[in-house]
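# Structural overview
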Amino acid sequence: MDKLRIKGGKPLEGRIRISGAKNSALPAMAASLLTAEQVTLENIPFVNDIYTTRRLLRELGASVEFEDDHVVRLHAQKILSHEAPYDLVKTMRASVLVLGPLLARTGRARVSLPGGCAIGARPINLHIKGLEKMGATVRTEHGYVEATVDRLAGAEIVFDKITVTGTENLMMAATLAEGETVLQNAACEPEVVDIAEMLKDMGAKIQGAGTPTMSIRGVAELKGTTHRIIPDRIEAGTFLVAGAITKGELEIIDSNPGHLTSVVEKLREAGANIETGVGRMKIRGEANLKAADVVTKEYPGFATDMQAQSMALMTQAEGTSVITEDIFENRFMHASELMRMGANIRIDGSRAIVTGKTRLSGATVIASDLRASASLVLAALVAEGSTLIDRVYHLDRGYEKIEEKLQSVGADIERIK
Ligand code: EPU
């Protein structure tokens, strides 16, 4: 298994280009199952979750061809299998995104239940409840969800809790249902809007994406399209923190600052100097960072996917920061590794109390999930001496060539095979 070795202490300077959003690319690839025509996706990040999705879609009978320059051509002319097997779902829970499209297109889907993961229990009960409301018969047996239906029917669905992939799954399913579906308490994340735009180009009738109430009028069939994936706001946010924590000067290009308002505001509150322009941001880290409280919320609130990175930053801020995780029940696994590097953090239920500024020193650390790994990279960039980060495969699931991007702005980082 690959490791990363990072020697801390260098301010990062230069320009970093942001890749396409993983969490848009995954549902966009699943959406290609809704049509017998070819779908071309541009700005696909070449990260491991995308390769896992390629394997999954090929097992279902789709052809998936990767081209240079982040283009993927998908063609699900015929669906040959209805099953997302345990092996794939266990490595990537976003595999459940094929449930809605498969059921809508063919009337049948069998998807392994994802089970818990490093950040919480993460059930899919709301995806299932919504499909049942649309007329599907759903059985859960032998660790699999099996859904069947003649044709899905439009329904009024109120989510008990806001769910991103739940909203995407039901939105995709509803595009081919008979009649109108209304989703209440829908997720408003930019990735949901991106998929809605793609589906509309394919002929879907969708209104209200990006608001809590969406309506989808089903059509008989969808056609192919070419769609460009939005920039990854979490990758951009991670590099903003890298600029702030190393007191460097970074220009982040091919990003969408409008998707990062909460993060930019929080970094400014902590003392970072950030300028935003069209498709770009520039951060200058200030000598003295100040403590700031963070509460994770659904979009447009502060993203839970930026929580771990903000914790690394607050270890370098003067004063006490309270970080409250409101989305997942168990997303503080990075705290104990940051403490091994010298951070002063106390966990109290869903709150982490971080007292700074503390001197961090390099250590051998292990990451438990994707964003936790990112927080350890950030801490290592300011730690004294050398940090060895184990289980880099977590990072490779969602950050494209992170070490090359960091090297290009002056970080002392190397991958050890
Ligand atoms: N929830 C339920 N029942 C459901 C679905 C969700 O109780 O049927 C709960 C979850 O357990 C959680 C909350 O609702 O407490 C929100 O979960 P959500 O469904 O929104 O998460 P997700 O769709 O599984 C996506 C991202 C995550 C990101 C979350 C929250 C993708 C592929 N994944 O997950 O991204 O953290 O939304 O914004 O879009 C990451 O990229 O590192 C990552 C984990």
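Residues numbered from 1 in each chain as written. Predicted model: local features only at pLDDT ≥ 70, side-chain atom pairs only at ≥ 80, totals over all residues. Heavy atoms only, no water.

This paragraph deals with the overall build of the chain. Summing up its helical and strand segments, the chain has 14 helices and 25 strands in all. Here the chain holds 417 residues, and the buried ones make up 57% of them. Within the chain, residue pairs in contact and separated by at least 24 positions form 73% of the contacts whose partners lie at least 6 positions apart. Only carbon and sulfur atoms are counted for the fraction: they give 46% of the accessible area of the chain, which is about 16100 Å². Averaged over its 50 positive side-chain charges, the chain has a centre that lies 2 Å from the centre of its 54 negative ones. (Helix = DSSP H or I, 4+ residues; strand = E, 2+ residues; numbered from the N terminus. Buried < 20%, exposed > 50% of the residue type's maximum accessible area, 1.4 Å probe, protein only. Contact = heavy atoms within 4.5 Å. Areas by Shrake-Rupley, 256 points an atom, 1.4 Å probe, with all protein chains shown as cover. Lys, Arg positive; Asp, Glu negative; His and termini not counted. Charge placed at Lys NZ, Arg CZ, Asp CG, Glu CD.)

Turning to the pairing of strand E20 (residues 317–324), a few remarks are in order. Judged from the 2 bridges that link them, strand E18 (residues 289–290) and E20 form a sheet pairing that is parallel. Directly across from Leu289, in E20, lies its bridge partner Ala317. Where strand E19 (residues 294–295) meets E20, 2 bridges bridge the pair, whose relative direction is parallel. When the bridges of E20 are listed, Val295 appears paired with Thr324. You can see the chain leave E19, run along helix H10 (residues 307–314) and come back into E20, and the turn it takes is right-handed. In this sheet, strand E22 (residues 351–356) lies alongside E20 in antiparallel orientation, the contact comprising 6 bridges. Paired with Thr320 across the bridge in E22 is Thr355. (Pairing = 2+ DSSP bridges. Right-handed = clockwise from strand over helix to strand, strands pointing away.)

Counting across every chain of the model gives 3 aromatic pairs. Aromatic pair Phe46 and Tyr51: ring centres 6.4 Å apart, planes at 45°, arrangement tilted. For Phe46, a relative accessible area of 23% translates into the label partly exposed. When the ring of Phe46 is compared with that of Phe66, the centres are 5.4 Å apart and the planes differ by 35°; the resulting orientation is tilted. Of this pair, Phe46 sits in the loop between strand E3 (38–42) and helix H2 (48–59) while Phe66 sits in strand E4 (residues 63–67), and the two are 20 residues apart along the sequence. Here a set of aromatic residues connected by ring pairs shows up, and it is made of Phe46, Tyr51 and Phe66. Sitting above the plane of the Phe66 ring, Arg54 keeps its charged end 4.4 Å from the centroid. The cationic tip of Arg110 hangs over the ring face of Tyr144; the distance from NZ or CZ to the ring centre is 4.0 Å. (Phe/Tyr/Trp six-rings, centres within 6.5 Å; stacked < 30°, edge-to-face > 60°. Lys NZ or Arg CZ within 6 Å of the ring centre and 35° of its normal.)

A separate point is the sheet that holds strand E2 (residues 13–17). Taken together, the 4 strands give an open sheet; going across it, the order is E2-E15-E17-E16, and neighbouring strands pair in mixed fashion. Each end of this open sheet is capped by a strand with a single partner; those strands are E2 and strand E16 (273–277). Each neighbouring strand pair of the sheet contributes to a mean axis angle of 15°, computed without reference to strand direction. As defined by bridge partners, E2 adjoins strand E15 (residues 249–253) across 5 bridges and the pair is classed as parallel. Each bridged residue has a counterpart across the sheet, and for Glu13 the counterpart in E15 is Glu249. (Axes fitted to C-alpha atoms, helices over the stretch in contact; angles between N-to-C directions.)

This next bit is on the site of the ligand. Not every one of the 21 residues close to the ligand is listed here, only the nearest: Asn125, Thr163, Thr165, Asp305 and Ile327. A distance of 2.6 Å separates an oxygen atom of the ligand from a polar atom in the backbone of Ile327. Against a free-state accessible area of 840 Å², the protein chains account for coverage of 89% of the ligand. When contributions to the shell around the ligand are tallied by element, the ones reaching two or more residues are helix H1 (22–31), helix H5 (125–133), helix H6 (164–174) and helix H12 (370–382). Element by element, the count of residues in the shell around the ligand is highest for H5, at 3 residues. (Near = heavy atom within 4 Å. Polar contact = N/O pair within 3.5 Å; in protein donor to acceptor, adjacent residues only side chain to side chain.)

The subject of this paragraph is unusual backbone geometry. Residue Pro300 is reached from Tyr299 by a cis peptide bond, and omega for that bond is 10°. Considering the arrangement of structural elements, one finds Pro300 in the loop between E19 and H10. In the segment running from Gly356 into Lys357, the intervening peptide bond is cis, with an omega of 0°. Structurally, the position occupied by Lys357 is in the loop between E22 and strand E23 (364–366). Phi at Arg122 is positive, roughly 50°, even though this residue is not glycine. Its place among the elements puts Arg122 in the loop between strand E7 (108–112) and H5. The exposure class of Arg122 is partly exposed, given its relative accessible area of 26%.

What follows is about the environment of Glu189. Checked against the element boundaries, Glu189 lands in the loop between strand E11 (180–184) and helix H7 (190–201). Sequence separation of Glu189 and Gly301 is 112 residues, and the distance between their C-alpha atoms is 9.8 Å. Apart from residues no more than four positions distant in its own chain, Glu189 is found in contact with Val164, Arg233, Glu298 and Tyr299.

Within this structure, the stated rule accounts for 31 salt bridges. Of the charged contacts in the structure, one is a salt bridge between Asp305 and Arg331, with a shortest N-O distance of 2.8 Å. With a gap of 26 residues between them, Asp305 in the loop between E19 and H10 and Arg331 in the loop between E20 and helix H11 (333–340) connect regions that are remote in the sequence. Residue class for Asp305 comes out buried when judged on its relative accessible area of 17%. Judged by its relative accessible area of 6%, Arg331 falls in the buried class. A salt bridge links Glu337 to Arg340; its shortest N-O distance comes to 3.2 Å. Taken as a pair, Glu337 and Arg340 lie in helix H11 at a separation of 3 residues, close to a single helical turn. It is possible to trace a salt-bridge network through shared partners that takes in Asp2, Asp396, Glu403, Arg415 and Lys417. (Salt bridge = Lys/Arg side-chain N within 4 Å of Asp/Glu carboxyl O.)

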